Amino acid sequence: KRAAAWFATLATLFLAGCQHAYQELPVAGAPERPILRTDSTVYVALPPDGRRKRDFVPASGETMAIIVRDTFAKYVKRAYMGRRVQSFADGLETARTNQWNYFVYPSILRWEDHATDLSGLRDKIEVKIEVADTATGEILHATVLRGRSRWFSDGGDTPKDLLPEPVQNYVSSLFQPVRVPSALR
């Protein structure tokens, strides 16, 4: 009986180590999640590259912006991406000048790429996504997405592999109304 419990614990740990782990953390003071219009246009700013300790991770900002833009493009009429790194204010001004409806400002807070199979350290990402109304500049929603790679991989995982799933889940939630049962209305 004890051996079966020990085996079940090991099997659970093994299976948990075979999956990526994701977490969404709402930003303190951010408004409730809005429902964005699908007939709109979106501008995604190009964030600065992430850092690993003191070193910049080349092209990580562009990688993130592409993933965010491509994900929004599934839900809106048109999604655009910046060509150079911009501050929030500069990106918002670009979106206003071009009369795009929403401005998305992604930021890389953590970007760690480890040789997980050799070191046992998992790859980690932490990114912040802010969505603003271009006309007013008002932040409609902001969130932090965290991801951690699996322990047991074929060595091919990188932080960029951790981005698509949580970004997809977050963006899709901005366009899907929350259904309230009629009994609660």
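Residues numbered from 1 in each chain as written. Predicted model: local features only at pLDDT ≥ 70, side-chain atom pairs only at ≥ 80, totals over all residues. Heavy atoms only, no water.

This next bit is on the overall build of the protein. Across its full length, the protein holds six helices and eight strands. For the protein, the succession of helices and strands along the chain, N to C, is α-β-β-β-β-α-β-α-β-α-β-β-α-α. The proportion of buried residues among the 185 residues of the protein is 39%. A sequence separation of at least 24 residues applies to 71% of the contacts in the protein between residues at least 6 apart. A total of about 11000 Å² of accessible surface is found on the protein, and carbon and sulfur atoms cover 53% of it. (Helix = DSSP H or I, 4+ residues; strand = E, 2+ residues; numbered from the N terminus. Buried < 20%, exposed > 50% of the residue type's maximum accessible area, 1.4 Å probe, protein only. Contact = heavy atoms within 4.5 Å. Areas by Shrake-Rupley, 256 points an atom, 1.4 Å probe, with all protein chains shown as cover.)

Glancing now at the nonpolar core. One finds Phe72 and Ile129 to be the most contacted residues of the largest nonpolar core, which totals 31 residues. Elements supplying a minimum of two residues to this core: strand E2 (41–46), helix H2 (60–73), strand E5 (78–85), strand E6 (102–112), strand E7 (124–133), strand E8 (139–148) and helix H6 (164–175). Among residues more than four places away in sequence, those in contact with Ile129 are Met64, Val68, Val104, Tyr105, Pro106, His141, Ala142, Thr143, Leu145, Val167 and Tyr170. In terms of nonpolar packing, the next biggest core, distinct from the first, is built from eight residues, Tyr43, Ala45, Ala95 and Trp100 among them. (Core = buried A, V, L, I, M, F, W, Y, C linked by side-chain atoms within 4.5 Å.)

Turning next to the packing of H2 against H6. Packing of H2 against H6 brings their axes to within 9 Å, and their N-to-C directions diverge by 40°. Crossing geometry of H2 relative to H6 is assigned as right-handed. Contacts between H2 and H6 involve Ile67, Val68, Thr71 and Phe72 on the former and, on the latter, Pro164, Val167, Gln168, Val171, Leu174 and Phe175. (Axes fitted to C-alpha atoms, helices over the stretch in contact; angles between N-to-C directions. Left-handed = near helix turned anticlockwise from the far one by under 90°.)

Here H2 spans 20 Å end to end across 14 residues, near enough to the 20 Å set by a 1.5 Å rise per residue. Looking only at H2, the buried set comprises Ser60, Gly61, Met64, Ala65, Ile67, Val68, Thr71 and Phe72. All buried residues of H2 fall inside an arc of 160° around its axis, so they share one side. Contacts from the buried residues of H2 go to E2, E5, E6, E7, helix H5 (159–162) and H6. (Expected span 1.5 Å × (residues − 1). Arc of directions from axis to C-beta.)

Moving on: the environment of Glu24. Within the fold, Glu24 resides in strand E1 (residues 21–26). Setting aside residues up to four positions removed in sequence, Glu24 forms contacts with Arg33, His141, Thr143, Val144, Leu145 and Tyr170. Here the side chain of Glu24 touches Thr143 through a polar contact of 3.0 Å, side chain to side chain. (Polar contact = N/O pair within 3.5 Å; in protein donor to acceptor, adjacent residues only side chain to side chain.)

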